[in-house]
Amino acid sequence: MNEWLFCPRCGSKLGATDDTCPTCGAVTPSAPTTPSSELPAGPSDEDLVALEAELRRALSPSFILVRRLGTGGMGSVFLAREPALKRLVAVKVLAPALAADPGARARFERESQAVARLTHPNIVAIHSVGQLADETPYFVMQYVGGLSLADRLEKEGPLDQDEARRVIGEVASALAVAHSLGIIHRDIKPANILYDDESDRVLVSDFGIAAVRSTGEEGGDTRLTQTGMAVGTPRYMSPEQLLAEDVTEKTDIYALGLLGYELVSGAGPFTATSPQELVAAHLRDTPRPLSEVRDHVDPELESVVSACLAKQATERPSAHEVAQRFTPGAEVLLEWPPPGLAELHGRLPPVSRLFWAGSLLTVVGFLALLTLGPQLSSAVTSFATLTIWIVGTAGIFTLFAAVWKLLRVAAASTRAVRSGFGWLSVAEALADRRGDTGALVAGMREYATLAPPTRDTLRKGRLLRESILLVGGLVPVLALVPLVWLAVGGLVGAGAAPYLLFGPSAVLLIVATSLAHKEARSVGPGRARLGRHRSLRGGDPRIAASWTETFERVRRGQSLGSGAASRPLASRVGAFVVAISLLLVITVFAPVGLVGVLGPVLLLGVNVSNTEARLRIAETARAFALPPDSSITPLEAGRAFYTLQGSGGSSTGAFPQHALPRELTEGWHDQDFPDDLFDREVMGPDGQPLQMKSSAVRAGPNHMTILEYAASGLNTDEVRYLEHLAALPQWDEYRTVARAAAMDYVGARFVLPFTDSATAMEMPMPKFAATKQAAYASVEKAALFLAQGRHAEAETTLRETISFGFRLVDDGNTLFDALIGMVTVGLGQNGLVRFYSLTDRPEGAVLRARRDSVVALEDELRAARGEININDVAGLRRDMLAILQDTTRLRSQRWEMLVNLSFVPCSNVRELLFGPGEDLAAAFAQARRDLVRFESEDMLLDLMLDTPARGLPFGDSDPPVFRLSDAVGRVAGWVLGNERIAGCTTWLTRGLDFLNVVR
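Residues numbered from 1 in each chain as written. Predicted model: local features only at pLDDT ≥ 70, side-chain atom pairs only at ≥ 80, totals over all residues. Heavy atoms only, no water.

Undergrad: When you look at the environment of Val-247 in this model, what are you seeing that I'm missing?
TA: As for its position among the elements, Val-247 is in the loop between helix H6 (239-242) and helix H7 (249-265). Owing to a relative accessible area of 10%, Val-247 belongs among the buried residues under this scheme. Residues Val-247 and His-185, 62 residues apart in the sequence, show an inter-C-alpha distance of 10.0 Å. (Helix = DSSP H or I, 4+ residues; strand = E, 2+ residues; numbered from the N terminus. Buried < 20%, exposed > 50% of the residue type's maximum accessible area, 1.4 Å probe, protein only.)

Put into structure tokens, the structure is as follows:
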């Protein structure tokens, strides 16, 4: 039998003088080989069609053949789909020429089975082995859709050194596993290194010419190729391959060094122009150092590549040593996320984003109320306030959603710890924003070039960054409570609120961003964006234990472990603490938000102008008031007025009262009033008859016509009635009030100081019915004097009525006091005009003309002013402040504005939390200087200013919602240390109820 040379790669027959295969370029062996049978150059198209049809039948129904990917000397590769697992696979069929040789076929099957034992993330996996109907073997392997390393080098040129380290390390890691099983690849080159687009790792393929060392029988030969054949690609063959010597694991290391050299420099280490020169260079020449070929080459990388290219196989490092230098964790596939933690993978960042969004909306709404509060109208009437309310409400609902998600994450974390996972592993799965923490732990992909301490720092940075982002999303809302505490203590103002609320979160965000930037700088620009691939949900402690064991192997050199698998309820407790804290803050600030959007309704009933006209009319009679008696003290005048009202004292309740100085057992018209009294016709000044009738508002004669009756003469019964009226003891108190220079009614009636439960709105009002009765009776008393010809006494009585009215106008503490006083002045003024007219005195015409001119002027002013816009809260505030600070205004009107302005802090968030604004504080200080004359008024002013904070307690008869709002307001006020919140909540509830009743 003739000895022929055959190409070890494609099986083509070689000539005696051929140095390389004319078909595929492989180097010829140094010794002749005797094939079992002659191998053809390759299958024909008809054979390939038949082969494809046969393979389709053999694969069905487990696999669906898609198309042929390529054909080589060893066989053909087809693309197929596995429906059950919904994945693409590659099917490699042995070439028909080789399949015809039973020995070659047997060796192919044994080799396939050996390679199928390789389980490694950087090796193209073999899923199964099978045979066609003619016993041609095939195997199903992993399909890799990315480019080969050769294609990438052709397109991009030399790789970045970090990327080259990663590729070398991952290939070395794959070879280390193969070598441990006795498998030698023998054809490591860029074309056989594939990129997996899905995982961004390289995979070693084409073990078709691998040598499998026998691990069972001594001297057993299971290699597909035989000794004496130079197998491989010339550019990547080791000296021992070129000499057709026995190959070892170090053969692959030499090829790995050639691969690494090309990755860094862009070309091989030798510049031979012919196959003979290339072989000689591999056998003889020392490669130029990489540092001479490329600038700034990493010394470690250069050293490893140089060691791999040693001529003597024994001087080369092992694949395991290379892998440990470049990718220490690549030899073990670390499943990520850990099995059973799929539902936790990357769940923390979305929760943090919800907290940030909720806090931003809530606090922005709060700050809008805080900043614009004094200018905002109620949400019932203002679109701007309604918008702010919607923004704040959206924020609160977002926070509720975040709390719900956090609780679910905490529950899942508890289950994970109970199944055996450590807390740090659970935390890393939660915080895995990029989905590549497993690669970071194992030092794979873009992290392959990082030393374990650096990767450990990045892992800690990720945990710290996500913790900071979570806390940063919570801080703005939780900071509301200390903000109010500081505000109540007067340590901060409203202007500092944005900085206190968002400042800490901004700092935390900057820190988190810097940590992310630090990681980006460490990893470099070659970082790939990867998708997440989540594992099935687990729960078996054995799964967790197995994963943890793998984790501990790949994290060597890193201090951050998996954490203790204990205290599984810790996450739930923490989540509940966060949830309860947020819910408490939201609940506490619910009354604050309610005040902010609805508080202005408390100012809707304020009237700042309707007393001016009445006062100007009343002031026309000021000149006819009696001169004051300085011997009458204000307290005496107050006691007289207290006695005149007939208000019995009480020692119980919020306002204990002094006992009456004396009891007046008989009122102004306690006696029976005969129906026929004053029932006669009298001629009026215009010549028309007058008919005296009893007053519609009181028992007794009509005060509008009693003076005309008296001027025409009274009968005996009428005189007797009026004499009885004039002799009543009340006239002593009436005269004291009228003649006094000032009156302290509050100090005379109430026990001072006021109780803690007292509020200005609950203070008992004087019984003004008695005051009006006294004004009517004074006109009747003047009529008696007129009928008796005692004109001076009649005039004095009417002027006393004017003086009595002005005492209420000048010394009243409420606007109602002033209004009753103006009515009293008007009665005395009208009576005095009629008296002067009946007695032909010129003063009557002067007084009438003065009053009529003022009335006419007020009608014009009223028409010019038009309607007041009650929704202009800012304008209303300015008007009230102007009245309070106007020293020409009535004291009672200024007191009334003081009461109204004391409720302004209940109408907006800024002053609710931080106290009255500077304008209010200045106005209150001025009011204390201008209005306070007695100790009682000083206490009354304090009571008015404290009333909003004291609130109005609800009773059992009030609706449940009132009592609930009162309870919530009190809790909020207690937590925040701000009594105004509790009080204003009750006043606002009352205001809304009043508004509803009015409507």
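Right, picking up where we left off after that structure.
Undergrad: What exactly am I supposed to notice about the sheet that holds strand S4 (residues 75-82) here?
TA: Hydrogen bonding along the main chain pairs the strands of a sheet, whether they run parallel or antiparallel. Spatially, S3-S4-S5-S7-S6 is the arrangement adopted by the five strands of the open sheet, whose pairing is antiparallel. A single partner strand is all that each edge strand has here, and the edge strands are strand S3 (64-71) and strand S6 (126-131). Across the sheet, the mean angle separating the axes of adjacent strands is 25° when strand polarity is ignored. Examined bridge by bridge, S4 and strand S5 (residues 87-94) share eight bridges and lie antiparallel to one another. Residue Glu-82 lies in a different strand from S5, and its bridge partner there is Arg-87. (Pairing = 2+ DSSP bridges. Axes fitted to C-alpha atoms, helices over the stretch in contact; angles between N-to-C directions.)

Undergrad: Explanation requested: empty space enclosed by the protein in the structure shown.
TA: The gaps left among the atoms become clear once a water-sized probe is rolled over them. Tallied over the full model, the rule gives four cavities of 30 Å³ or more. Roughly 40 Å³ of internal volume is contained in the second largest cavity. Every residue lining the second largest cavity is listed: Glu-428, Ala-431, Asp-432, Thr-437, Arg-459, Arg-462 and Leu-463. Considered class by class, the residues forming the lining of the second largest cavity number two nonpolar, one polar and four charged. (1 Å grid on protein atoms, 1.4 Å probe; cavity = no way out; pocket = protein on both sides within 12 Å on 5 of 7 lines; lining within 4 Å. Points joined across faces, edges and corners; volume = space filled by probe spheres on them. Nonpolar A, V, L, I, M, F, W, Y, C, P; charged D, E, K, R; others polar.)

Undergrad: Honestly, the confidence of the model for the chain in this entry has me stumped. Any pointers?
TA: Low pLDDT means the predicted atomic positions in that stretch should not be read closely. Summary statistics for the chain give a mean pLDDT of 78 and a share of 78% for residues scoring 70 or more. A low-confidence stretch, residues 30-40 (pLDDT under 50), is modelled with 26 contacts involving residues beyond four sequence positions or located in other chains. Across residues 864-868, where pLDDT falls below 50, the model places two contacts with residues more than four positions away in sequence or in other chains. (pLDDT = per-residue confidence, 0-100. Contact = heavy atoms within 4.5 Å.)

Undergrad: In this structure, what is going on with the pattern of salt bridges? I would like to understand it.
TA: Scanning the entire structure with this criterion turns up 45 salt bridges. Ionic pairing is found between Asp-436 and Arg-434, a salt bridge with its closest N-O pair at 3.3 Å. Accessibility expressed as a relative area gives 24% for Arg-434, which makes it partly exposed. One continuous salt-bridge network, built from bridges that share partners, spans Arg-152, Glu-156, Glu-163, Arg-166 and Glu-170. (Salt bridge = Lys/Arg side-chain N within 4 Å of Asp/Glu carboxyl O.)

Undergrad: I tried to follow the nonpolar core on my own but got confused; where do I start?
TA: In this structure, Phe-355, Phe-366, Phe-589, Phe-754, Leu-884 and Leu-913 are the most contacted members of the largest nonpolar core, which totals 99 residues. At eleven residues, helix H20 (residues 570-598) tops the list of elements feeding residues into this core. Here Phe-589 is in contact with Phe-366, Leu-480, Val-481, Val-484 and Leu-976, once residues within four sequence places are set aside. If you look at the next biggest cluster of nonpolar residues, it comprises 58 residues, including Leu-153, Ala-176, Ala-178 and Tyr-236. (Core = buried A, V, L, I, M, F, W, Y, C linked by side-chain atoms within 4.5 Å.)

Undergrad: Explain the packing of aromatic side chains here, please?
TA: Geometry of an aromatic ring pair is reported as the spacing of the ring centres plus the angle between the planes. Counted under the stated rule, the structure contains twelve aromatic pairs. Judged by centre distance (5.2 Å) and plane angle (80°), the rings of Trp-731 and Tyr-734 are edge-to-face. Residue Trp-731 and its partner Tyr-734 are located together in helix H25 (residues 730-739), separated by three residues, close to a single helical turn. Comparing Trp-731 with Tyr-734, the two get one shared label, buried. Centre to centre, the rings of Phe-903 and Trp-987 are 5.3 Å apart; their planes meet at 90°, and the pair counts as edge-to-face. Of the two residues, Phe-903 sits in the loop between helix H32 (891-902) and helix H33 (909-914) while Trp-987 sits in helix H37 (residues 979-998), which places them 84 residues apart along the sequence. Each residue in the set Phe-641, Tyr-642, Trp-731, Tyr-734, Tyr-745 and Phe-804 is aromatic and connected to the rest through ring pairs, giving one cluster. A cation over a ring is seen here: Arg-622 above Phe-806, with NZ or CZ 3.9 Å from the ring centre. (Phe/Tyr/Trp six-rings, centres within 6.5 Å; stacked < 30°, edge-to-face > 60°. Lys NZ or Arg CZ within 6 Å of the ring centre and 35° of its normal.)

Undergrad: Would you mind going over helix H29 (residues 815-838) with me for this structure?
TA: Every α-helical turn comprises 3.6 residues, leaving residues that sit three or four positions apart pointing alike. The end-to-end C-alpha separation of H29 is 34 Å, in line with the 34 Å expected for 24 residues at 1.5 Å each. For H29, a buried count of 19 out of 24 residues is recorded, marking the element as mostly surrounded by other parts of the structure. Backbone geometry just downstream of H29 places Asp-840 in the positive-phi region, at approximately 55°. (Expected span 1.5 Å × (residues − 1).)

Undergrad: Just checking my understanding: could you explain the state of the cysteines for this structure?
TA: Any covalent bond linking the sulfur atoms of two cysteines counts as a disulfide. The full count for this structure, using the stated rule, is one disulfide. Note on cysteine connectivity: Cys-906 is disulfide-linked to Cys-984, with sulfurs 1.9 Å apart. Residues Cys-906 and Cys-984 are joined by a disulfide whose S-S torsion is about -70°; by sign, that bridge is left-handed. Here the residue Cys-906 occupies a position in the loop between H32 and H33, and Cys-984 occupies one in helix H37, the gap between them amounting to 78 residues. For Cys-906, a relative accessible area of 0% translates into the label buried. (Disulfide = S-S within 2.5 Å.)

Undergrad: Please clarify how the environment of Leu-786 should be interpreted in this entry.
TA: As for its placement among the helices and strands, Leu-786 is situated in helix H27 (residues 768-787). Using a relative accessible area of 9% as the deciding quantity, one classes Leu-786 as buried. Remark: the alpha-carbon pair of Leu-786 and Thr-839, spanning 53 residues in sequence, is separated by 9.0 Å. Those residues in contact with Leu-786 that lie beyond four places of it in its chain are Leu-707, Ala-710, Ala-711, His-791, Ala-794, Phe-835, Leu-838 and Thr-839.

Undergrad: What's the story with unusual backbone geometry in this structure? I'm lost.
TA: Keep in mind that most residues, glycine aside, have a negative phi and that most peptide bonds are trans. At the junction of Ser-60 and Pro-61, the peptide bond is cis and its omega measures out at 5° in the coordinates. Its place among the elements puts Pro-61 in the loop between helix H1 (45-59) and S3. With an omega of -5°, the peptide bond running from Leu-752 to Pro-753 counts as cis. Within the secondary structure, Pro-753 is located in the loop between helix H26 (745-749) and H27.

Undergrad: Would you mind showing me how to read the pairing of strand S9 (residues 193-196) here?
TA: It is a general feature of regular strands that their side chains alternate between the two faces of the sheet. Across the two faces of S9 the burial is the same, with Ile-193 and Tyr-195 and Leu-194 and Asp-196 all buried. Relative to strand S10 (residues 201-204), S9 runs antiparallel, the two being bridged by four bridges. Looking across to S10, one finds that Tyr-195 is bridged to Val-202.

Undergrad: Help me out: how do you make sense of the packing of H25 against helix H28 (residues 791-811) in this one?
TA: For the pair H25 and H28, the least separation of the axes is 7 Å and the interaxial angle reads 65°. For H25 against H28, the interelement crossing comes out left-handed. Here H25 contributes Tyr-734, Arg-735, Val-737, Ala-738 and Arg-739 to the contact with H28, which in turn contributes Thr-796, Glu-800, Thr-801, Ser-803, Phe-804 and Arg-807. In the contact of H25 with H28, the residues fall into four nonpolar, three polar and four charged. (Left-handed = near helix turned anticlockwise from the far one by under 90°.)

Undergrad: When you look at a nonpolar patch on the surface in this model, what are you seeing that I'm missing?
TA: Taken together, the side chains of Phe-383, Leu-386, Trp-389 and Ile-390 make up a nonpolar region of the molecular surface, amounting to roughly 440 Å² of accessible area. Relative to the helices and strands, Ile-390 resides in helix H13 (residues 383-418). (Patch = residues over 30% accessible without salt bridge, like charges linked within 9 Å, V, L, I, M, F, W, Y side chains within 5 Å. Areas by Shrake-Rupley, 256 points an atom, 1.4 Å probe, with all protein chains shown as cover.)

Undergrad: Can you help me understand the pairing of strand S7 (residues 137-142) in this one?
TA: Along S7, six of the six residues are buried, which leaves the element largely enclosed by surrounding structure. As paired strands, S5 and S7 are joined by five bridges and run antiparallel to one another. By the bridge assignment for S7, Val-91 is matched with Val-140. One ladder, built from five bridges, connects S6 with S7; its direction is antiparallel. If you follow Ile-126 over to S7, its bridge partner there is Met-141. The turn joining S6 and S7, which pair antiparallel and follow one another in sequence, is formed by five residues; a positive phi near 70° is taken by Glu-135.

Undergrad: Hey, could you run me through the side chain of Gln-161 in this one?
TA: Positionally, Gln-161 belongs in helix H5 (residues 161-180). On the basis of relative accessibility, which here comes to 13%, the residue Gln-161 falls in the buried class. Aside from chain neighbours lying at most four places away, what touches Gln-161 is Arg-294, Asp-295, His-296, Val-297, Asp-298 and Leu-301.

Undergrad: Can you help me understand H27 in this one?
TA: An ideal rise of 1.5 Å per residue puts 28 Å on 20 residues; H27 measures up with 29 Å between its terminal C-alpha atoms. Counting buried positions along H27 gives 16 out of 20 residues, so the element sits mostly inside the fold. Positive backbone phi, approximately 80°, marks Gly-789, located one or two places after H27.

Undergrad: Is there a simple way to explain the environment of Leu-55 in this structure?
TA: Of note, Leu-55 is situated in helix H1. As a C-alpha pair, Leu-55 and Val-91 span 36 residues in sequence and 9.1 Å in three-dimensional space. Apart from the residues within four sequence positions on either side, Leu-55 is in contact with Leu-65, Phe-78, Val-91, Val-93, Leu-132 and Tyr-138.

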